[in-house]
Amino acid sequence: MQETNFIQQNHEKWREFEEVLKSPQKDPERLTDLFIASTDDLSYSRTYYPNRSVRVYLNGLAQQVYQAIYKNRAKEKNFFKHFWHVELPQTMWHNRQALVLSFLLFALGLTIGITSSIHYPDFAKIVLGEQYIEMTEANIKKGDPMAVYKNDDPFLMFLQIGWNNIRIAFGTFVLGIFFGLGTIYVILFNSIMVGAFIYFFIERSLFKESFLAIMLHGTLELSMIVLAGCAGFALAKGLLFPGTLSRSKSLIQSARSGIKILIAVVIFLTYASVIESFATRHSDMPDFIRGGIIVLSAMLVIGYFVWFPRKLYKEGKIGPMTFEESSPTKPSKIVLDSIKPIGKIFTESFSVFSKHLRTITYFALISATVITLYYGFATGSKYHLITAQSFLPTISQLLYPFCGFNAHLNFEKYPLLFLLIAVLFTVLSRLVIQRSHQALQLPLPKWNLLAMVKIFVIVIVAMLPLLLPHVFTLLVMWFWFPTTLLWLYRSAIHDESITVSLSNTLSLIKGNFTKMCGLFLTYIGIQWLIYPILVSDITEFVGYFIQINYPYNAVLANEIPYIVSTFFKFFVPAIVLTLPVIGTVLFYYSAVESNEAPSLLRRISQVDFKKSAYGLEKEM
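Residues numbered from 1 in each chain as written. Predicted model: local features only at pLDDT ≥ 70, side-chain atom pairs only at ≥ 80, totals over all residues. Heavy atoms only, no water.

Turning next to the overall build of the protein. A count of helical and extended segments in the protein gives 23 helices and zero strands. In the protein, of all internal contacts separated by at least 6 residues, the share reaching a separation of at least 24 is 79%. When the accessible surface of the protein is summed, it comes to about 31700 Å², and 65% of that surface belongs to carbon and sulfur atoms. (Helix = DSSP H or I, 4+ residues; strand = E, 2+ residues; numbered from the N terminus. Contact = heavy atoms within 4.5 Å. Areas by Shrake-Rupley, 256 points an atom, 1.4 Å probe, with all protein chains shown as cover.)

This part is about the packing of aromatic side chains. Taken as a whole and judged by the stated rule, the model has 25 aromatic pairs. Where Phe155 meets Phe158, the ring centres are 6.5 Å apart and the plane angle is 35 degrees; that geometry is what we call tilted. Taken together, the residues span about one helical turn, with Phe155 and Phe158 both in helix α8 (residues 154-174) at a distance of three residues. Among the residues examined, Phe155 registers a relative accessible area of 48% and is labelled partly exposed. Ring geometry for Phe425 and Phe481: centres 6.0 Å apart, planes at 55 degrees, overall tilted. Taken together, the positions of Phe425 in helix α15 (residues 416-440) and Phe481 in helix α17 (residues 470-493) put the pair 56 residues apart, joining distant regions of the chain. Here Phe425 matches Phe481 in class, with each residue buried. (Phe/Tyr/Trp six-rings, centres within 6.5 Å; stacked < 30°, edge-to-face > 60°. Buried < 20%, exposed > 50% of the residue type's maximum accessible area, 1.4 Å probe, protein only.)

With that settled, consider a positive patch on the surface. On the surface, Arg96, Lys237, Arg310 and Lys314 cluster together to form a positively charged patch. The topology assignment puts Lys237 in helix α10 (residues 207-240). (Patch = residues over 30% accessible without salt bridge, like charges linked within 9 Å, V, L, I, M, F, W, Y side chains within 5 Å. Salt bridge = Lys/Arg side-chain N within 4 Å of Asp/Glu carboxyl O. Lys, Arg positive; Asp, Glu negative; His and termini not counted. Charge placed at Lys NZ, Arg CZ, Asp CG, Glu CD.)

On to the pattern of salt bridges, then. Once the charged atoms of two side chains with opposite charge are near each other, the side chains can pair. Taken as a whole and judged by the stated rule, the model has nine salt bridges. A salt bridge links Glu137 to Arg204; the shortest N-O distance between them is 3.1 Å. Residue Glu137 is found in helix α7 (residues 130-141), and its partner Arg204 is found in the loop between α9 (181-202) and α10; the two are separated by 67 residues along the sequence. Judged by its relative accessible area of 29%, Arg204 is partly exposed. One salt bridge connects Arg490 with Glu496, and the closest N-O pair in it is separated by 2.9 Å. Judged by relative accessible area, which is 14%, Arg490 ranks as buried. Connected through shared salt-bridge partners, Glu137, Glu203 and Arg204 make up one network.

Along its 15 residues, helix α16 (residues 449-463) runs 21 Å from first to last C-alpha, staying within 8% of the 21 Å computed at 1.5 Å per residue. Among the residues making up α16, those that are buried are Ala451, Lys454, Ile455, Ile458, Val459, Ala462 and Met463. Projection of α16 onto a plane perpendicular to its axis shows the buried side chains occupying an angular sector of 165 degrees, all on one side. Facing away from the buried surface of α16 by more than 90 degrees, the exposed residues are Leu449 and Leu450. (Expected span 1.5 Å × (residues − 1). Arc of directions from axis to C-beta.)

Bringing the nonpolar core into the picture now. Grouped together as the largest cluster of nonpolar side chains are 68 residues, with contacts concentrated most on Ile371, Leu417, Phe425 and Leu440. Apart from residues no more than four positions distant in its own chain, Leu440 is found in contact with Ile334, Leu336, Val352, Val585 and Leu586. In this structure, Met92, Leu105, Leu262 and Tyr304 belong to the second largest nonpolar core, which totals 47 residues. (Core = buried A, V, L, I, M, F, W, Y, C linked by side-chain atoms within 4.5 Å.)

Turning our eyes to something else, we now look at the confidence of the model for the protein. Here the protein shows a mean pLDDT of 78. Residues at 70 or above account for 75%. pLDDT under 50 marks residues 324-331. Its contacts with residues more than four places away, or in other chains, come to four contacts. When the criterion is pLDDT under 50, residues 608-620 qualifies, and its contacts beyond four places in sequence or with other chains add up to 21 contacts. (pLDDT = per-residue confidence, 0-100.)

Shown next as structure tokens:
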């Protein structure tokens with residue numbers, strides 16, 4: 001058989017090999033079949049084409065399959081068990097100083113809360129709020145001091161409490177990036193509240209009942225605040241004390257440690273939320289049962305997070321902390337003509353993002369300022385009219401900032417806001433695509449009025465789910481937004497009509513839909529880390545600080561906290577939204593390679609033109 005016929009007969013099969021090898025999830029059995037098939041073709045090429053490029057190509061393909069098979073088999077172990085039995089205990093042991101620091105700060109805040117309540121009777125009202133104190137006092141007069149846990153539906157209460165607890169935990173971790181100061185603030189703030197809360201019941205001779213009811217869930221809940229603080233200090237440690245590593249590498253390593261701790265925190269907080277929502281309300285539960293649950297919870301936390309890591313260390317199963325060193329070579333160029341997993345695209349999008357962070361930040365500042373001024377014009381400088389409401393029923397905050405915008409988007413009341421955001425996102429998309437092409441060394445798209453109009457129309461389509469009720473927005477946005485974003489990019493780089501571009505985009509999505517949506521949800525994870533900061537007391541504190549020092553206009557001064565809140569809740573999304581745009585650019589070329597395999601066809605087409613004198617030696 002002639003070499004050209006041999007290539008044409010098998011190139012589809014080889015293309016499938018490359019796709020499977022580059023897939024993030026590999027089936028060992030399927031890889032075994034591919035290995036057998038590739039070695040058969042390799043044997044044939046060794047016999048009939050010993051000095052040709054096709055033999056080298058097949059040899060490399062067979063090696064990749066072989067490595068993938070044995071790499072998969074080597075990793076066939078219980079990752080869940082390994083995480084809880086090895087990785088997390090090691091992380092806790094290596095960050096034991098951070099755990100001790102977090103515990104001492106919590107104890108300090110608890111002491112401050114109790115002693116302040118002793119000396120200042122109204123301290124609980126200042127910290128916990130007058131409305132909450134009045135409600136609790138009314139419940140005490142009714143003879144049911146724990147009635148606050150019985151008023152709401154258990155499931156809705158679970159959602160509210162679980163979200164709030166996880167939000168605080170994420171905020172405690174993420175704020176560690178501010179050299180640990182943010183973590184210190186969150187721990188002290190929450191522990192002072194707990195101290196004031198405890199003394200409020202001690203003062204009214206209700207310590208026993210309050211302790212049994214509150215600590216039923218509070219044993220885990222308060223312990224997780226301490227552990228979240230440990231994660232935050234672990235993050236700060238990598239920034240403050242990089243050691244022999246560069247500060248960026250040290251920060252990455254410490255962030256990984258903190259995230260491992262945070263995974264455990266989220267799981268335990270979920271369990272604590274279940275107890276608080278479904279069990280704490282039963283104040284008539286026998287004391288020995290409630291006391292037993294409290295003791296078991298304390299033993300679980302201390303045993304696993306303190307005693308177990310120490311036990312492993314004494315047994316010699318925990319060694320010194322190691323770091324993943326990377327060579328100090330120049331970062332490799334991003335290769336576009338390859339099929340990439342979600343993680344690879346996600347990582348490369350940050351690489352592009354970092355190169356143009358200054359430009360993106362400037363645009364975010366301008367966008368947030370424009371929207372903040374618009375709200376001032378629309379409300380007559382009464383910004384408190386558009387401040388965020390409670391979490392429920394605005395459940396679309398789960399997709400913030402991609403929809404919901406924390407209840408700021410009220411298009412019925414402020415219809416021009418829809419068009420304003422569409423214009424700003426059109427400009428943002430155009431800017432990010434241009435910067436991405438510069439970073440990736442791609443030809444710059446042609447920009448003219450017609451191109452901008454096409455993008456604007458597609459942006460309007462992308463934003464249509466924002467006009468739906470929040471629940472429906474949540475149901476469709478996870479696939480609607482990435483699809484329209486891919487359509488937008490296709491229209492931006494090809495000189496074709498919107499309808500033709502849409503048809504080509506839908507064809508491109510075939511076989512890549514799951515990856516596209518998964519990539520988008522990965523970017524959603526970033527805003528889950530940022531959102532706690534936006535709704536935390538940090539932004540409120542900044543607003544009140546400016547308010548206190550603003551002597552010029554008393555009426556405007558009252559609105560300053562709300563102005564600051566509005567600004568930040570649009571400034572941060574304007575930055576975060578650039579990541580899925582960059583990710584779409586990278587995903588587009590991966591999807592093209594997956595569907596059309598232009599690089600594979602190009603390499604195969606060049607096989608006949610290579611000479612045996614290029615150093616290709618006949619294998620023995």
